[in-house]
Amino acid sequence: MAPGDRMVGGQRRQGERENHTLRPQHLVDVIGQRRVRENLRILVEAAQVRSEPVDHILFYGPPGLGKTSLAHVVANEMNCNIRITAGPSVERAGDLAAILTHMRENDILFIDEVHRLGRAIEEVLYPAMEEYALDIVIGKGPAAKNVRLNLPRFTVIGATTRLSLLASPLRDRFGASFRLDFYDLEAIREIIVRAAHMQDIRIEAGGTEEIAGRARGTPRVALRLLRRVRDYAQVRANGTITADVAADALGLMEVDSLGLDDVDRRILEAIIDKYDGGPVGLETIAASISEDSSTIMDVYEPFLLQLGFLERTPRGRVATRSAMKHLGVEQGNEGQDLQERLPGV
């Protein structure tokens, strides 16, 4: 098996088994993302009617919204195997060639962080996706010759948090592209209730509400907070997650009423306190709080933008009045309108 490639199945550690069972298994189990769910249902049913593999699919959006889970759902709906790899794990064209030659009819190849594939590796992937063929060079120098191997018909499902970094030729070869958005509060509540039931966690409606309100509209965050609140309830309470228990646990974790954590606040405070509310460049923010700029852009910024706490401008990031109000910052020079701080914008 090639580096970075693994088959679903076999033995897993306990934590991996638990995370896997919490994932939806079929489209009927998927909570939220209604538009994506219905479009996937049409894709899958049409492929089944034609007895063909489902078309290549690209999922994109912030991390933690269920891109990997939806890939597993498609595999279950098509009743086929899924091979999983990640862009950074495929270091050489030969690694991808090894994966492709082991694909079987109707299999799914899921590539996480597909935008991080190297350009040479993408060149191998293009004919595989379009013509189900693998072009390899045998030998060196004048004696070298090109050999084309036919591949079984299979499906590539890609996932990325940075659609803009995906090469246009690769993006165009996906027959269907779906953006995953943050989940609404009702969907997050359902996810928490379902996970609590599957893990035998006693939780009251008030506890569900507290966790859902601080989950950033992200299922991965909601499930992580649920596990940590469960631990707190078992150690400091009677094992039942009530509104008060959840609030105390989340307060101890420094997750505030809107779901902002320590890093979110450090980002906003750096912009407001050190740079008068902005504008300030992303790299400068990253250096001032000792955090990776890509992590800020991919993990933290989408939610801050969603809340209206951050503005992206041609000159940099700007903290909004709503952010200052939430942090309890006195609005002086920082409270000027964006138009006043950015002449000509």
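Residues numbered from 1 in each chain as written. Predicted model: local features only at pLDDT ≥ 70, side-chain atom pairs only at ≥ 80, totals over all residues. Heavy atoms only, no water.

Moving on: the overall build of the chain. Scanning the chain for helices and strands turns up 15 helices and twelve strands. When burial is assessed residue by residue, the chain has 47% of its 345 residues classed as buried. Of the contacts made within the chain by residues no fewer than 6 positions apart, 69% connect residues no fewer than 24 positions apart. Carbon and sulfur atoms make up 47% of the accessible area of the chain, which totals about 17,000 Å². (Helix = DSSP H or I, 4+ residues; strand = E, 2+ residues; numbered from the N terminus. Buried < 20%, exposed > 50% of the residue type's maximum accessible area, 1.4 Å probe, protein only. Contact = heavy atoms within 4.5 Å. Areas by Shrake-Rupley, 256 points an atom, 1.4 Å probe, with all protein chains shown as cover.)

Taken as a whole and judged by the stated rule, the model has three aromatic pairs. Aromatic side chains Tyr132 and Phe154 sit 5.9 Å apart centroid to centroid with 75 degrees between the ring planes, which places their arrangement in the edge-to-face category. Of the two residues, Tyr132 sits in the loop between α5 (119–131) and β5 (133–138) while Phe154 sits in the loop between β6 (145–150) and β7 (155–160), which places them 22 residues apart along the sequence. The same class applies to Tyr132 as to Phe154, namely buried. We note Arg173 situated over the ring of Tyr126; from NZ or CZ to the ring centre the distance is 4.3 Å. (Phe/Tyr/Trp six-rings, centres within 6.5 Å; stacked < 30°, edge-to-face > 60°. Lys NZ or Arg CZ within 6 Å of the ring centre and 35° of its normal.)

A few words now on the confidence of the model for the chain. Chain-level statistics for the chain give a pLDDT mean of 83 and a share of 87% at 70 or above. The element-level mean pLDDT for the chain is lowest in helix α15 (residues 338–341), coming to 46, with strand β2 (residues 57–60) highest at 93. Here residues 1–18 scores under 50 on pLDDT; set against residues more than four positions off or in separate chains, the count is 30 contacts. Contacts for the low-pLDDT stretch residues 333–345, under 50 throughout, to residues beyond four places or in other chains number 27 contacts. (pLDDT = per-residue confidence, 0-100.)

Its identity as a non-glycine residue notwithstanding, Glu254 has a phi of 60 degrees, on the positive side. As for its placement among the helices and strands, Glu254 is situated in the loop between α10 (243–252) and α11 (262–274).

Another aspect to go through is the environment of Asn39. Residue position: Asn39 is located in helix α2 (residues 34–50). A polar atom in the side chain of Asn39 sits 2.9 Å from the backbone oxygen of Arg35. (Polar contact = N/O pair within 3.5 Å; in protein donor to acceptor, adjacent residues only side chain to side chain.)

Turning to the pattern of salt bridges, a few remarks are in order. One pass over the full model with this rule turns up 19 salt bridges. Across the pair Glu91 and Arg92 runs a salt bridge whose closest N-O atoms are separated by 3.9 Å. For Arg312, the salt bridge identified is with Glu301, shortest N-O distance 2.6 Å. Linking Arg312 in strand β11 (residues 310–313) with Glu301 in helix α13 (residues 293–307), this pair joins segments that are eleven residues apart in sequence. Overall, the relative accessible area of 44% leaves Arg312 in the partly exposed class. One network of salt bridges, with partners in common, ties together Arg37, Glu38 and Arg41. (Salt bridge = Lys/Arg side-chain N within 4 Å of Asp/Glu carboxyl O.)

This brings us to the packing of α11 against helix α12 (residues 282–289). Running from N to C, α11 and α12 point in directions that differ by 105 degrees, and their axes come no closer than 10 Å. Looking at the two axes, α11 sits roughly perpendicular to α12. Judged by residue contacts, Arg266, Ile267, Ala270, Ile271 and Lys274 of α11 engage Ile285, Ser288 and Ile289 from α12. Residue composition of the contact of α11 with α12, grouped by class: five nonpolar, one polar and two charged. (Axes fitted to C-alpha atoms, helices over the stretch in contact; angles between N-to-C directions. Parallel < 35°, antiparallel > 145°, perpendicular 65-115°, else oblique. Nonpolar A, V, L, I, M, F, W, Y, C, P; charged D, E, K, R; others polar.)

To continue, consider the nonpolar core. If you look at the biggest cluster of nonpolar residues, it comprises 75 residues, and the most contacted ones within it are Leu40, Ile211 and Ile267. Of the residues forming this core, the biggest block, eight residues, is contributed by helix α9 (residues 219–236). If sequence neighbours within four positions are ignored, Leu40 has contacts with Leu27, Ile57, Phe59, Leu70, Val74 and Phe178. Of all hydrophobic cores here, the second largest spans 26 residues; its members include Leu109, Leu117, Ala128 and Met129. (Core = buried A, V, L, I, M, F, W, Y, C linked by side-chain atoms within 4.5 Å.)

What follows is about the layout of surface pockets. Of the volumes computed, that of the second largest pocket is approximately 340 Å³. Lining the second largest pocket are 16 residues; nearest its centre among them are Pro62, Thr161, Arg179, Pro302 and Arg312. The dominant element in the lining of the second largest pocket, judged by the number of residues it contributes, is α13, at five residues. Split into classes, the residues belonging to the lining of the second largest pocket amount to seven nonpolar, four polar and five charged. (1 Å grid on protein atoms, 1.4 Å probe; cavity = no way out; pocket = protein on both sides within 12 Å on 5 of 7 lines; lining within 4 Å. Points joined across faces, edges and corners; volume = space filled by probe spheres on them.)

Take the side chain of Ser293 next. Tracing the backbone shows Ser293 in helix α13. On the basis of relative accessible area, Ser293 is assigned to the buried category, the value being 13%. Aside from chain neighbours lying at most four places away, what touches Ser293 is Leu282, Glu283 and Ala286.

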